[in-house]
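Below are the chains, spelled out letter by letter.
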Amino acid sequence: GGGTAYGWSESGIQSSSLPRGLFDPLKVHSSELVHVWCIPSSANVGPQDMPRSLEPISLLAARNERESVQIALRPKVSWAGSGFAGSVQVQCSDLCSTFGDRLVAGESLTVRRVVPILGVPDALVPLEVPAFQLTLFPGETTAIWVSIDVPTAQPPGQYEGELIITANRVDAETTAQCLGKDERHQIYRELRNCLDVMEPIDGKPNDEVVERVKSASSSLKKLLLSPSFSDFYSDNGSIDMMDEDAISNLSIRIKLSLTVWDFILPVTPSLPAVIGISDTVIEDRFGVEHGSSQWYEALDQHFKWLLQYKISPYFCRWGEGMRVLTYTCPWPADHPKSDEYFSDPRLAAYAVPYRPVVKSGDIAKDFLQREVEILRTKNHWRKAYFYLWDEPLNLEHYNAIRDMASEIHAYAPDARIMTTYYCGPSDAPLASNNFEAFVKVPEFLRPHTQIYCTSEWVIGNREDLAKDIIAEIQPENGEEWWTYVCMGPSDPHPNWHLGMRGTQHRAVMWRVWKEGGTGFLYWGANCYEKATVPSAEIRFRRGLPPGDGVLYYPGQVFSSSLEPVASLRLERLLSGLQDVEYLKLYSSRFGREEGLHLLERTGMYLGPERYTHDHMPIDVMRGEVFRTCRTESGF
């Protein structure tokens, strides 16, 4: 993604005119030292991406929407001695409207550094806003991800702000003086974390001890390579913060303009996107015992953090075969936390466990009946579903689903059972060929399933097959058709594998909307290989495409922060869901056929193998919805 595929070239990009040796940031403009350019959020910016012309940033966002853009930096020369090219200071202003309204830097405006995973840009590590520093390396492009979250109550209008980038001077004599309290505290936490990793090793298996040593070693290396210790591995060391005059005269200024319009994205997403979170991965990596107070705290943190992405998380653990225990709330239905979770308007759907999540005494007795009887009295019951088995393959699996569903429906005839599948039972063919058998699954499972969730891999590039599936669904009887992706479909189809194009990630939700699905499932967002230390290196599971089952990372892998770190792919999932809200608004005004026509005439999405590789059609679609659906006020 990115590169010249976005229509940019290196024409007009000038290299530094500085003669060798004259690299003092206090005497020359920062543009002589650093290339800076802006790139859409759908581009993948790698270390070898080459510079482009710097243009002002112009964005459009509804209220209750997040819009993002990337800024890339690449040193033209080195001005800090060996090891790295130099460092820059980045300052972010508030975004202000002509009426005095603000989007505050550090609150509505956030910045994260794009960090490669397996050499591919993916992790988004938070940076301190409104001001932070970046270390640049010779011959490498560094990218930062700038996001603006527009609150629901934000007044519409035109907002202006800027990002100021200034090359820092390095002076070895003042290193210690420039270490502020926050930076010293960060170093303390990093060292404390290393000690915490290494101390409890008595009696541990050798492979776990090795893993802990590697984790501590990795953390120490990252700490020693930070700018705080640059004076020990270069002739020039610390960073002088520049005064306002120097910033004004020598800095690169990027103008950022945001149009906020009067459309408010629904608080409850129109398209439920249910995403699995492995509780066993959390237990292993963070060392929390199932059912302990620390366990509840860890799950609660993950749930609340993920809601910002307009998805509906559910926790899961796999059992015998592909039987799966899924639950959105770890507390039982009679606990106050249950109502807190399920009543949250940001949650579009929630999974109800078929059996107790935490076993205690005789809780298993009549558990299902008690849960259902309590939840059925709540207004949020309409959001409930049961997910019992992942991808049944034979009659034994399908009969197990029928038996569990019958028990649930005995207590709640209106309960929704969701079944994910990509084939009919192999030992009881439903038709003469595999696809016909696949299409006949609803008839075979009825009335034991209400949400038929099928693999996009089966449909391939034949969207007409989606119509055959929909024809078998009975919405008048409360049935729905949802879809999912996992290790398939593969390139060039939309999916969330590492290394796919940004528009390919974003197009997952475009495809759902165009095909007519009313919901979406993804099997796992934290399903990396087992580790027993929070800061252990992330390893994707063997046998799966890189990135499959992983949409975010533990914060401790990158710093001492306890907050999870999002991937680019998670951000693009969010952008795709927001695009769906634009398309639904347009369709509500002009009809679904016109909405489909908008997708096609902008060139944004025509099918699973025919969608834009460039960002421009996305802006054209969003701009057309803004132009035709805004109020007469102009916004």
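These lines cover the structure that appears in this document, whether it is placed above or below.

Parameters at a glance
Residues numbered from 1 in each chain as written. Predicted model: local features only at pLDDT ≥ 70, side-chain atom pairs only at ≥ 80, totals over all residues. Heavy atoms only, no water. Pairing = 2+ DSSP bridges. Helix = DSSP H or I, 4+ residues; strand = E, 2+ residues; numbered from the N terminus. Axes fitted to C-alpha atoms, helices over the stretch in contact; angles between N-to-C directions. Contact = heavy atoms within 4.5 Å. 1 Å grid on protein atoms, 1.4 Å probe; cavity = no way out; pocket = protein on both sides within 12 Å on 5 of 7 lines; lining within 4 Å. Points joined across faces, edges and corners; volume = space filled by probe spheres on them. Buried < 20%, exposed > 50% of the residue type's maximum accessible area, 1.4 Å probe, protein only.

Describing the sheet that holds strand S3 (residues 65–75)
In step 1: In spatial order, the strands read S1-S3-S10-S7-S8; together these five strands make up an open sheet with antiparallel pairing. Looking along the sheet, the strands with just one partner apiece sit at the ends: strand S1 (34–40) and strand S8 (120–126). Taking the axes of each pair of neighbouring strands and ignoring which way they run, one obtains an average angle of 30° across the sheet.
In step 2: Alignment of S1 against S3, held across seven bridges, turns out to be antiparallel. Bridging across to S3, Val 34 finds its partner in Pro 75.
In step 3: Against the sheet, helix H14 (residues 568–590) engages S3, strand S7 (109–117), S8 and strand S10 (142–150), with an angle of about 140° to S3.

Structural notes on the layout of surface pockets
Any empty space left between atoms is shown by rolling a water-sized probe over those atoms.
In step 1: What the second largest pocket holds in volume is close to 610 Å³.
In step 2: Lining the second largest pocket are 31 residues, with Arg 66, Glu 107, Thr 110, Asp 149 and Gln 308 positioned closest to its centre.
In step 3: Listed by contribution, the elements that provide at least two residues to the lining of the second largest pocket are S3, S7, S8, S10, strand S25 (565–566) and H14.
In step 4: Looking at the lining of the second largest pocket element by element, the count peaks at four residues for S7.

What about the pairing of S3?
In step 1: With 11 of 11 residues buried, S3 lies mostly within the body of the structure.
In step 2: With burial as the criterion, each face of S3 is covered, one bearing Glu 65, Glu 67, Val 69, Ile 71, Leu 73 and Pro 75 and the other bearing Arg 66, Ser 68, Gln 70, Ala 72 and Arg 74.
In step 3: Pairing geometry for S3 and S10, over nine bridges, is antiparallel. Note on S10: the bridge partner recorded for Arg 66 is Asp 149.

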